[in-house]
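Structure at a glance
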Amino acid sequence: MPDVKHFDPDAVLEQVERLFWQRGAASTGIAEVVAATGLSRSSLYATFGGKQQLYVQALRRYVERRSQPVFQALAGDGRGLESVEGFFDRLIQDRCSGEHARWGCMISNAHAGAEGGDPEVREVLDQHQHRLRTAMRAALDSASLRPGLDLDAAAEMLALLAYGVNLRSRAGADAAALRRGVCAALDSLRDPKEQR
């Protein structure tokens, strides 16, 4: 008789996502995953594969549930730099206070960790970078910007700035200092006629 799953795989994956997000893949052993989920190793392996496969699934879940909705909102906002400012305000608030304070971003953490060398992880990271840069570029399309600005390069800069905010916040950076850095970057893009 086949074994019947007595757990919700998505709920388990959410627990695993939080664990890897907070602690990182390299710092999290399978015994900790077993303890956090309450499942046996055999149930985890039978459902998700080994630790690496479990991590990749958790990383994909993070992108789909946490990153992608934010990118879609940014791309469709239509307020130009004001929408980019709002994106960074929320990012800094989320990274420096609340439930996930000082966890950073699971994607940024993967960029900085050894797990980023895995081809499957690298694919997720590259897709995330592309989606973030595309959302930034869409926001810049409706902005009043410095004449002659290379919008693709500016979108890349803003994507890199988001990763920097994530990493610095995880390391304990002050929210006010992060905001000052973001303001300086955004001011460098503005049309001088529109400077505040």
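Residues numbered from 1 in each chain as written. Predicted model: local features only at pLDDT ≥ 70, side-chain atom pairs only at ≥ 80, totals over all residues. Heavy atoms only, no water.

Before going further, it helps to spend a moment on helix H8 (residues 151–170). Between the first and last C-alpha of H8 there are 29 Å, a value that for 20 residues agrees with the 28 Å anticipated at 1.5 Å per step. Listed as buried for H8 are Ala 154, Ala 155, Leu 158, Ala 159, Ala 162, Tyr 163, Val 165, Asn 166 and Ser 169. You can read the cap of H8 off the contacts: a side-chain oxygen lies 3.1 Å from the backbone nitrogen of Asp 152, and it is on Asp 150. (Helix = DSSP H or I, 4+ residues; strand = E, 2+ residues; numbered from the N terminus. Expected span 1.5 Å × (residues − 1). Buried < 20%, exposed > 50% of the residue type's maximum accessible area, 1.4 Å probe, protein only. Polar contact = N/O pair within 3.5 Å; in protein donor to acceptor, adjacent residues only side chain to side chain.)

Here the focus is the layout of surface pockets. Where empty space is left in the structure can be found by rolling a water-sized probe over the atoms. Volume-wise, the largest pocket comes out at about 410 Å³. If you list the elements that add at least two residues to the lining of the largest pocket, you get helix H4 (51–77), helix H5 (81–96), helix H7 (119–141) and H8. Ranked by residue count, the leading element in the lining of the largest pocket is H4, at seven residues. Per-class residue counts for the lining of the largest pocket are 11 nonpolar, five polar and five charged. (1 Å grid on protein atoms, 1.4 Å probe; cavity = no way out; pocket = protein on both sides within 12 Å on 5 of 7 lines; lining within 4 Å. Points joined across faces, edges and corners; volume = space filled by probe spheres on them. Nonpolar A, V, L, I, M, F, W, Y, C, P; charged D, E, K, R; others polar.)

Looking now at the side chain of Thr 37. In this structure, Thr 37 sits in helix H2 (residues 30–37). A distance of 2.9 Å separates a polar side-chain atom of Thr 37 from the backbone oxygen of Val 33. Setting aside residues up to four positions removed in sequence, Thr 37 forms contacts with Val 12, Gln 15, Val 16 and Leu 44. (Contact = heavy atoms within 4.5 Å.)

Below, the discussion takes up the environment of Ser 142. Mapped onto the fold, Ser 142 is located in the loop between H7 and H8. In this structure the C-alpha to C-alpha distance between Ser 142 and Arg 23, which are 119 residues apart in sequence, comes to 38 Å. Within the local environment of Ser 142, its side chain forms a polar contact with the backbone nitrogen of Gly 80, the two atoms lying 3.2 Å apart.

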